Amino acid sequence: MTLPRDPARIGAMRKIEDARDARACVKAARAAGLSLGAWARRHGVDGRSLHAWSVNMARASSTTAIVAKPRLVELVPTSAPRGSARYILRVSDAVVEVGDDFCDETLARVVRVLRAC
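The numbering scheme is per chain: residues are counted from 1 as the chain's sequence reads. Residue-level local features of this predicted model are given only where pLDDT is at least 70; pairs of side-chain atoms are given and counted only at 80 or more, and the full residue set underlies all totals for whole chains, interfaces and linings. The side-chain values count all of the structure's non-hydrogen atoms but skip hydrogen atoms and water molecules.

With that settled, consider the confidence of the model for the protein. On a range of 0 to 100, pLDDT expresses the predictor's confidence in each residue. A residue-level look at the protein finds 72% of positions with pLDDT of 70 or above and a mean pLDDT of 77. By the criteria applied, helices consist of DSSP H or I runs no shorter than four residues and strands consist of E runs no shorter than two, each listed in order from the N terminus. Mean pLDDT values for the elements of the protein range from 48 in helix α1 (residues 7-10) up to 91 in helix α2 (residues 19-32).

Here is the structure:
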C-alpha cells in the first residue's frame, strides 16, 4: 500500500479501501504519534473514513473478547421412588400423566389451560 504524502497532488481525500488498509493507517498514525485526524490530513486520507473503520474494528475486537467460556452443568436424571403413585388426568381430549412429585401449583395451571381450550 502506498500512502500519499501530498494531499494537493491527489486532489481529493482517498477513502480507506478495506480493513487491511485501515489497520495499516491506524498503525502508521500510532507509530508517528499522531491522532488519526492529524495523520489522515498529512497523508491525504479521508479522516471520517479512517475514523469509521477504526471504530468498527474496535467494536469487532471488543465483541470477540467478551465471549465467555461455556459453563458445563452435570444433569443427573432422577427416577421416581419405587411405589410412588401415577395419576392420569383426562380433560376433554387431553391426557396428562403425573406422579406424586409433580408440583400442585403447576398442575393447577395445566388444568386451567386445558379447560380454556
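From this point, the discussion proceeds with the structure in view.
A word on the environment of cysteine 25. Counting through the fold element by element, cysteine 25 comes out in helix α2. On a C-alpha basis, the gap between cysteine 25 and leucine 36 in space is 8.3 Å, while along the polypeptide they are eleven residues apart.

Another point: the side chain of serine 49. For serine 49, the position within the fold is in helix α4 (residues 47-65). Exposed residues in this analysis have more than 50% of their type's maximum accessible area, buried residues have under 20%, and partly exposed residues fall in between, with area computed by a 1.4 Å probe over protein chains only. For serine 49, a relative accessible area of 12% translates into the label buried. Look past the residues within four positions of serine 49 in its chain and what remains in contact with it is Lys15 and Ile16. By definition, residues are in contact when any of their heavy atoms lie within 4.5 Å.

A separate point is the pattern of salt bridges. Salt bridges are defined as contacts in which a side-chain nitrogen from Lys or Arg sits within 4 Å of a carboxyl oxygen from Asp or Glu. Applying the stated rule across the entire model yields four salt bridges. Aspartate 21 is the partner of arginine 14 in a salt bridge, and the nearest nitrogen-oxygen pair spans 2.9 Å. A residue is classified by how much of its surface remains accessible, and arginine 14, at 16% relative accessible area, is buried. Counted as one network, the salt bridges with shared partners bring together Lys15, Asp46 and Arg48.

So, on to α2. One less than the residue count of a helix, multiplied by 1.5 Å, gives the span that helix is expected to have. Compared with an ideal rise of 1.5 Å per residue, which puts 14 residues at 20 Å, α2 spans 20 Å between its outermost C-alpha atoms and is within 8% of the ideal. Those residues of α2 that sit buried are Asp21, Ala22, Cys25, Val26 and Ala29. Looking straight down α2, one finds that the buried residues subtend no more than 130° of arc, so they occupy a single side. Seen from the open side of α2, the exposed residues pointing more than 90 degrees away from its buried face are Arg20, Lys27, Arg30 and Ala31. Counting of polar contacts relies on pairs of N or O atoms within 3.5 Å, with two restrictions inside protein: one atom must be capable of donating a hydrogen and the other of accepting it, and residues adjacent in sequence are counted only when both atoms are side-chain atoms. The opening residue of α2, the one whose side-chain oxygen lies 3.3 Å from the backbone nitrogen of arginine 20, is aspartate 18. Phi turns positive one or two residues past the end of α2, at glycine 33, with a value near 75°. Taken from the helix axis, the directions to the C-beta atoms give the arc we talk about.

To continue, consider the environment of valine 110. Locating valine 110 in the fold gives a position in helix α5 (residues 104-116). With a relative accessible area of 26%, valine 110 lands in the partly exposed category. Separated by 14 residues in the primary sequence, valine 110 and valine 96 place their C-alpha atoms 8.8 Å from one another.

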